[in-house]
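Chain by chain, the residues:
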Amino acid sequence: MAKKKFLFVAQEVAPYLPPENISILGKEVATGIHKRGYEVRTFTPKWGGINERRNQLHEVIRLSGLNVTIDDNDHPLLLKVASLHPTRTQVYFIDNDDFFQKLDSDIDEVGSNRPDNDKRILFFTRSTIETAKKLQWDPAVIHSQGWVAALTPVYLRQLSDSVPFENSKVVYTVLPEDNEVTIDGDFFRRLKEDGVKEEYLKRFEDIEKNTKLLHRMAIDNSDGVIFMTDEPDADLLEAVEAKGIPYLRKEEAEGNLEAYIEFYDKL
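Residues numbered from 1 in each chain as written. Predicted model: local features only at pLDDT ≥ 70, side-chain atom pairs only at ≥ 80, totals over all residues. Heavy atoms only, no water.

Caption draft 1: Representation of the overall build of the protein chain within the structure. When you go through the protein chain residue by residue, the secondary structure sums to nine helices and 11 strands. A compact globule built from 267 residues would reach a C-alpha radius of gyration of about 18 Å, and the protein chain, at 17 Å, matches this within 12%. By its C-alpha atoms, the protein chain is 45 × 40 × 35 Å across when sized along the principal axes. Counting the 267 residues in the protein chain, one finds 54% classified as buried. (Helix = DSSP H or I, 4+ residues; strand = E, 2+ residues; numbered from the N terminus. Rg over C-alpha atoms; globule rule 2.2 N^0.38 Å. Buried < 20%, exposed > 50% of the residue type's maximum accessible area, 1.4 Å probe, protein only.)

Okay, here's the thing in structure tokens:
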């Protein structure tokens, strides 16, 4: 029987970034799901702190070159790939000189304090989805993890050109964030220009444009949610329960990949 395909959109993955809680979780999900019978491909930003030579990244020429237009400016995709040991699952790195270079002003490995966060996640989301289409990747499960990947469920469910993934189950993980991520005031305008309907965005207009907004939008477009925070945010938990979708708490999911598999199977 053919393996189920699993598309993992991860905020951080160790060992490409220092082994801390979020990056270790990214690696554990990618390798653990593979060991449990899924065919896995992982997409993550090529953050400026990732050493290409040490981690043996190389550019995939045939999949690079996509231009993502944001505010009438073209931003070319540079797609790189590496194999994640010990399973040798493929990790695709979304790169662009405008968004993922290391800056002196960054307060963490991913530069969460930047004023152009919305442009960066728009670029990452569109590049990930378009590359998955080119790969003709038809996953049973698409699992997005963290604020950087929060728009993936939104674009999969709100844009008509995401038809190739209409049968995929979408899961979102709310990660613990050490730094509050602010979003530009033009965020909704940019989403509308990409094709997200204004009437849909109105349901979120009263939420402050920060990390919680991204989580709320991701939850609204997911089939299941995993909370990896010590205690789920009350508003986010209420949103999950109002939508009537299943969820896992940290104490159920942490270090328990079998719980993930059972969760995916019941969606």
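Caption draft 2: Quick peek at the side chain of Ser64. As for its placement among the helices and strands, Ser64 is situated in the loop between β3 (58-59) and β4 (67-70). A distance of 3.1 Å separates the side chain of Ser64 from the side chain of Glu59, its partner in a polar contact. Within the structure, the side chain of Ser64 is placed 2.9 Å from the backbone nitrogen of Leu79, a separation counted as a polar contact. For Ser64, the contacting residues outside a window of four places in its chain are Glu59, Leu77, Leu78 and Leu79. (Polar contact = N/O pair within 3.5 Å; in protein donor to acceptor, adjacent residues only side chain to side chain. Contact = heavy atoms within 4.5 Å.)

Caption draft 3: Seen up close, the packing of helix α2 (residues 117-134) against helix α3 (residues 151-158). Viewed as axis vectors pointing N to C, α2 and α3 meet at an angle of 55°, and their least axial separation amounts to 9 Å. The angle between the axes of α2 and α3 places the two elements in the oblique class. Considering only the axes of α2 and α3, their crossing is right-handed. Facing α2, whose interface residues are Ile121, Leu122, Thr125, Arg126 and Ile129, α3 presents Leu151, Thr152, Tyr155 and Leu156. Residue composition of the contact of α2 with α3, by class: six nonpolar, two polar and one charged. (Axes fitted to C-alpha atoms, helices over the stretch in contact; angles between N-to-C directions. Parallel < 35°, antiparallel > 145°, perpendicular 65-115°, else oblique. Left-handed = near helix turned anticlockwise from the far one by under 90°. Nonpolar A, V, L, I, M, F, W, Y, C, P; charged D, E, K, R; others polar.)

Caption draft 4: Molecular detail of the pairing of strand β6 (residues 78-84). Burial analysis of β6 places five of its seven residues in the buried class, the great majority of the element. The pairing of β3 with β6 spans two bridges and is antiparallel. Its bridge partner lying in β6, Glu59 is registered against Lys80. Hairpin geometry of β6 and strand β7 (residues 89-95) is characterised by an intervening segment of four residues between the two adjacent antiparallel strands and by a positive phi of about 60° at Arg88. (Pairing = 2+ DSSP bridges.)

Caption draft 5: Seen up close, the nonpolar core. With 92 residues, the main nonpolar core has Ile33, Leu191, Tyr260 and Tyr264 as its most contacted residues. Leaving out residues up to four positions away in the same chain, Tyr264 has contacts with Phe6, Val29, Ile33, Tyr38, Val141, His143 and Val171. (Core = buried A, V, L, I, M, F, W, Y, C linked by side-chain atoms within 4.5 Å.)

Caption draft 6: Main features of the pairing of strand β8 (residues 141-145). A large share of β8 lies buried, amounting to five of its five residues. Across five bridges, the pairing between strand β1 (residues 4-10) and β8 is parallel. Within β8, the residue paired with Val9 across the bridge is Ser144. As paired elements, β8 and strand β9 (residues 169-174) share five bridges and run parallel to each other. Bridging from a neighbouring strand, His143 pairs with Val171 of β9.

Caption draft 7: Highlighting the pattern of salt bridges. Counted by the stated rule, this structure contains 23 salt bridges. Asp184 serves as the salt-bridge partner of Arg190, at 3.3 Å between the closest nitrogen and oxygen. A relative accessible area of 25% places Asp184 in the partly exposed class. Through salt bridges with shared partners, a single ionic network connects Asp71, Asp118, Lys119, Asp184, Asp186, Arg189, Arg190 and Glu193. (Salt bridge = Lys/Arg side-chain N within 4 Å of Asp/Glu carboxyl O.)

Caption draft 8: Spatial organisation of α2. The terminal C-alpha atoms of α2 lie 26 Å apart, and with 18 residues this matches the ideal 26 Å at 1.5 Å per residue to within 8%. The buried fraction of α2 is high, at 13 of 18 residues. Directly after α2, the chain includes Gln136, whose backbone phi takes a positive value near 55°. (Expected span 1.5 Å × (residues − 1).)

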